Amino acid sequence: MTAIPPERLDQIAHRFAELEARMASGTLEGEAFVRASRDYAELEPVAKIAAEVKAAREEMAGLAEMLADPEMKAMAEDELAQIKATLPDLERRLAIALLPRDSADAKPAMLEIRAGTGGDEAALFAADLYRMYERYAAEQGWKVEAVSINASDIGGFKEVIANVTGTGVFAKLKFESGVHRVQRVPVTESGGRIHTSAATVAVLPEPDEVDVSVEEKDLKIDVYRASGAGGQHVNTTDSAVRITHLPTGTVVTCQDGRSQHKNKEKAMQVLRTRLYDAQREATQGAEAEARKAMVGSGDRSERIRTYNFPQGRVTDHRIGLTLHKLEEVLAGPGLGELVDALIAEDEGKRLAALAE
């Protein structure tokens, strides 16, 4: 790995000092303050690591001069050995912090889980996945709000869409998109045979209002009576909403709330997210191809993980990682281990690509 040039460290320190001064000036208001706050939050961890690298390099230079002094040589050698052991890790952390970031990493996300092959068992597994992400989100201090739920007759989910908000949501969840496979004995199986079922997960970055423009004239909005679970309002009021985006043919429905207004609001939220994701896919081009070569494309048709209940293991097929802690993964903490491993693999491959 090529060392970060000293002048780059100075640039980072100078830029961070400028931002600190602007934030402390008290002259920033409105959008200017929001932008500066965001820039400051993004640069602060980078500046901290850069300062540590610079300090370590300067200390190494000073210790190298002390080696010429016989009385100081032994102490200098010990301290120099310690710095040489820690500096490579600092350099790597800084290189990772300086990697180009996906512009959507800091955004909240729309989480969509759908039952795939396997009938009722697939719907039950989809519900298990949703609970897994709810628990992981709680650990991260995120908020999960269900936008739309299509429940199955035995308590699973044919489809569930939820909004996940918090710090760094998309950055941590984006590699969860794909086909999740489960191997277990279904509750509906009387013979004790192991079945294989699947559910698809899609994690889409949720746009800001300015990221995607949706004009009223491009929308066809239908209201109808909700069906399924939902209480007394079901089949009594036209609260369900279906929105069709005419230019793209994208259709979104929402019928979970009692209020037609709230259902429309939620449906528009999902619509904007899907349109934003389509825009990203269309404009990123080469970047999307590069991601495919790393830990996966995030395509929902790609099988990414297997949850094997008889053996109590979870295997992520993209990085060849198997954890024999299925219950811990489904409970949330174990999922964090998988997420961190996927992020580390992605960063390592991007570093290697930059070095070539």
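Preceding this section is the structure that the text describes.
Note that the coordinates shown come from a computational prediction; the quantities given were computed from them, not determined experimentally.

Attention now moves to the pairing of strand β7 (residues 240–245). The buried fraction of β7 is high, at five of six residues. Two elements, strand β6 (residues 219–224) and β7, share six bridges in a ladder whose sense is antiparallel. Counterpart to Leu219 in the pairing with β7 is His245. In the sheet, β7 pairs with strand β8 (residues 250–254) via five bridges, with the strands oriented antiparallel. Bridge pairing links His245 to Thr250 in β8.

Okay, the layout of surface pockets next. Of the pockets and cavities examined, the largest pocket occupies roughly 820 Å³. In terms of lining residues, the largest pocket is bounded by 29 residues, among which Arg38, Glu42, Leu43, Arg101 and Ala106 are the most central. Secondary structure elements with two or more residues in the lining of the largest pocket: α1 (6–25), α2 (30–66) and α3 (70–97). Looking at the lining of the largest pocket, the element that brings in the most residues is α2, giving nine residues. Of the residues belonging to the lining of the largest pocket, the class tally is 14 nonpolar, two polar and 13 charged.

What follows covers the packing of α1 against α2. For the pair α1 and α2, the least separation of the axes is 8 Å and the interaxial angle reads 140°. Regarding the angle of α1 to α2, the classification is oblique. In the crossing of α1 with α2, the sense of the turn from one axis to the other is left-handed. Residues belonging to the contact of α1 with α2 are distributed by class as follows: 14 nonpolar, one polar and seven charged.

Let us look at the pattern of salt bridges. Summed over all chains, the structure comprises 20 salt bridges. The partner of Asp10 in a salt bridge is Lys54, and the shortest N-O contact between them spans 3.0 Å. With Asp10 in helix α1 and Lys54 in helix α2, this residue pair connects regions lying 44 residues apart in the sequence. The partly exposed category is assigned to Lys54, whose relative accessible area is 34%. With its nearest N and O atoms 3.1 Å apart, the salt bridge here joins Arg305 to Asp316.

Another aspect to go through is the nonpolar core. Core analysis: the largest hydrophobic core is formed by 49 residues, its most contacted members being Ile113, Leu129, Tyr133 and Tyr307. Here this core takes nine residues from helix α4 (residues 119–140), the largest share from any one element. Ile113 has contacts with Ala126, Leu129, Tyr130, Tyr133, Lys158, Glu159, Val160, Thr200 and Val201, leaving out every residue within four places of it along the chain. Leu9, Phe16, Ala56 and Leu94 belong to the second-largest nonpolar core, a separate cluster that totals 19 residues.

Right, let's get into the side chain of Glu347. Here Glu347 is to be found in helix α9 (residues 333–355). The residues contacting Glu347, other than those within four sequence positions of it, are Ile96, Leu99 and Arg101.

For the rest of this paragraph, the subject is the sheet that holds strand β2 (residues 143–151). What the eight strands build is an open sheet, ordered β2-β3-β1-β5-β4-β9-β10-β11; its pairing is mixed. Looking along the sheet, the strands with just one partner apiece sit at the ends: β2 and β11 (321–323). Taken over all neighbouring pairs, the strand axes of this sheet differ in orientation by 15° on average, direction set aside. Pairing of strand β10 (residues 313–316) with β11 involves three bridges; the strand directions are antiparallel. Bridge pairing in β11 links Thr315 to Thr322. On top of the sheet, α4 reaches β1 (109–115), β2, β3 (157–165), β4 (178–184), β5 (195–205) and β9 (303–308); it is set at about 115° to β4, its chief contact.

One pass over the full model with this rule turns up four aromatic pairs. Judged by centre distance (5.4 Å) and plane angle (65°), the rings of Phe125 and Tyr307 are edge-to-face. Taken as a pair, Phe125 in helix α4 and Tyr307 in strand β9 lie far apart in primary sequence, 182 residues in all. Since its relative accessible area comes to 1%, Phe125 is described here as buried. Judged by centre distance (5.8 Å) and plane angle (70°), the rings of Tyr130 and Phe157 are edge-to-face. Of the two residues, Tyr130 sits in helix α4 while Phe157 sits in strand β3, which places them 27 residues apart along the sequence.

Attention now goes to the sheet that holds β8. The three strands lie next to each other as β6-β7-β8, forming an open sheet whose pairing is antiparallel. Of all strands in the sheet, those with a lone pairing partner are β6 and β8, marking the two edges. The mean angle between the axes of side-by-side strands here comes to 15°, regardless of whether they run parallel or antiparallel.

Thresholds applied
- Residues numbered from 1 in each chain as written.
- Predicted model: local features only at pLDDT ≥ 70, side-chain atom pairs only at ≥ 80, totals over all residues.
- Heavy atoms only, no water.
- Buried < 20%, exposed > 50% of the residue type's maximum accessible area, 1.4 Å probe, protein only.
- Helix = DSSP H or I, 4+ residues; strand = E, 2+ residues; numbered from the N terminus.
- Pairing = 2+ DSSP bridges.
- 1 Å grid on protein atoms, 1.4 Å probe; cavity = no way out; pocket = protein on both sides within 12 Å on 5 of 7 lines; lining within 4 Å.
- Points joined across faces, edges and corners; volume = space filled by probe spheres on them.
- Nonpolar A, V, L, I, M, F, W, Y, C, P; charged D, E, K, R; others polar.
- Axes fitted to C-alpha atoms, helices over the stretch in contact; angles between N-to-C directions.
- Parallel < 35°, antiparallel > 145°, perpendicular 65-115°, else oblique.
- Left-handed = near helix turned anticlockwise from the far one by under 90°.
- Salt bridge = Lys/Arg side-chain N within 4 Å of Asp/Glu carboxyl O.
- Core = buried A, V, L, I, M, F, W, Y, C linked by side-chain atoms within 4.5 Å.
- Contact = heavy atoms within 4.5 Å.
- Phe/Tyr/Trp six-rings, centres within 6.5 Å; stacked < 30°, edge-to-face > 60°.

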